[in-house]
Amino acid sequence: MIQRHFVRILLLLGIFSLGVSIFMAVRQSAFRSMSYGHLKCLGTACNMYSEDHNGRFPPMENAEVTRSALAPYIASTGNDLWQVPGQPGVFYQPNPALSRKKRDVIEDYDQAILLYEPAEHLSPGYGRRVAYVDGKAQFVASADWAATAAKSGMPLAEGNKKEVFWDLVIQEGTALLGWEMLAIAVVLWATSRLTRKR
C-alpha cells in the first residue's frame, strides 16, 4: 500500500515537472515576441529622429542619453520599451559607433546593429536579439556575435569576457533538458506500476 502511494506521488511530481517545463517554454516564447516588438519600435524611433535631424542618429554613447533623445518619438504605452522582457533591470543598449552618425554614411543598413541586448543577459537559444538600421529585429547566435558586432563597428573587449562566462552557464543550462526526460521516464514508470497492480 505504501509503495502504491509512493508511485502515485512520483507520478504527480512527474506531471507537475512537465507542466512547469511547458509553462516556462511558453513564457520564454512570449518574452521573445515582446522583445522583437520593442526592438522594432525603438529602431523606428531612431530612424524618425534621424529624419528630423538632417539624417543623423541620436547621441548613442550610452542607453540613458539615447533614451532621453528618443523620448519624444516613443508613445507612452505604460510599458518600458527599453527594458528587455523577462529580465527586470536589464535594458537594450545602443551601438555607440553610430552615435550622431549620418545615416547616408552607413554602407550596409541591413547589417549595421542599432540596438542590442547586453552581453550579461543572453537570450535563451545561445544568442541575443538585435535591431538593425534598416528596421528589422533579428536573433544573432553567440557564435556569430563577434563577426556581426565587428561589422557594425562595436567595441567587443568587455563583451567577449562576459560572453565566455555566459556560454558556460548556458552549457550547464542545457542539462535542464535532462530533468524533463527524467520526468517523462518517472511518469511512464509510475503509470506502468499502477496499471500492473490492478
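Residues numbered from 1 in each chain as written. Predicted model: local features only at pLDDT ≥ 70, side-chain atom pairs only at ≥ 80, totals over all residues. Heavy atoms only, no water.

Enquirer: Looking at this model, I keep getting lost on the packing of aromatic side chains. Mind explaining?
Expert: How two aromatic rings sit relative to each other is given by the distance of their centres and the angle of their planes. What the rule picks out here adds up to two aromatic pairs. Between Tyr49 and Tyr73, the ring centres sit 5.8 Å apart and the planes meet at 70°, which makes this aromatic pair edge-to-face. With Tyr49 in helix α1 (residues 2–52) and Tyr73 in the loop between α2 (63–70) and β1 (93–94), the pair connects residues that are 24 residues apart, well separated along the chain. As far as the burial class goes, Tyr49 and Tyr73 line up, both buried. Residues Tyr116 and Trp145 carry aromatic rings whose centres are separated by 5.7 Å and whose planes lie at 45° to one another, so their mutual orientation is tilted. Separated by 29 residues along the polypeptide, Tyr116 in strand β2 (residues 113–116) and Trp145 in helix α3 (residues 142–151) bring together distant segments of the chain. (Phe/Tyr/Trp six-rings, centres within 6.5 Å; stacked < 30°, edge-to-face > 60°. Helix = DSSP H or I, 4+ residues; strand = E, 2+ residues; numbered from the N terminus. Buried < 20%, exposed > 50% of the residue type's maximum accessible area, 1.4 Å probe, protein only.)

Enquirer: For this particular structure, what's the right way to read unusual backbone geometry?
Expert: Trans is the common state for peptide bonds, and a negative phi is the common state for residues other than glycine. Of note in the backbone geometry, Asn54 takes a positive phi value of approximately 55° without being a glycine. Even without being glycine, Arg100 reaches a positive phi, approximately 55°. For Arg100, the location among the structural elements is in the loop between β1 and β2. A residue is classified by how much of its surface remains accessible, and Arg100, at 45% relative accessible area, is partly exposed.

Enquirer: What am I meant to see in α2 here?
Expert: For an α-helix, 3.6 residues make a turn, and residues three or four places apart therefore share a direction. Within the span of α2, buried status applies to Ala63, Thr66, Ala69 and Leu70. All buried residues of α2 fall inside an arc of 130° around its axis, so they share one side. Opposite the packed face of α2, turned more than 90 degrees from it, sit the exposed residues Glu64 and Ser68. At its buried positions, α2 is contacted by α1 and β1. Where α2 begins, the side chain of Asn62 points an oxygen toward the backbone nitrogen of Glu64, at a separation of 3.1 Å. (Arc of directions from axis to C-beta. Contact = heavy atoms within 4.5 Å. Polar contact = N/O pair within 3.5 Å; in protein donor to acceptor, adjacent residues only side chain to side chain.)

Enquirer: What is the right way to read α3 from this model?
Expert: All of the buried residues along α3 are Ser142, Trp145, Thr148 and Ala149. In a view along the axis of α3, the buried residues occupy a sector of 95°, so they form one face of it. Away from its buried face by more than 90 degrees, α3 exposes Ala143 and Lys151. Gly153 lies just past α3 and shows a positive phi near 75°.

Enquirer: Whenever I open this one, the side chain of Asn95 confuses me. Can you help?
Expert: Along the polypeptide, Asn95 turns up in the loop between β1 and β2. Judged by its relative accessible area of 0%, Asn95 falls in the buried class. A distance of 3.0 Å separates a polar atom in the side chain of Asn95 from the backbone nitrogen of Ala97. Here Ser152 takes part through its backbone oxygen, which lies 3.1 Å from a polar atom of the side chain of Asn95.

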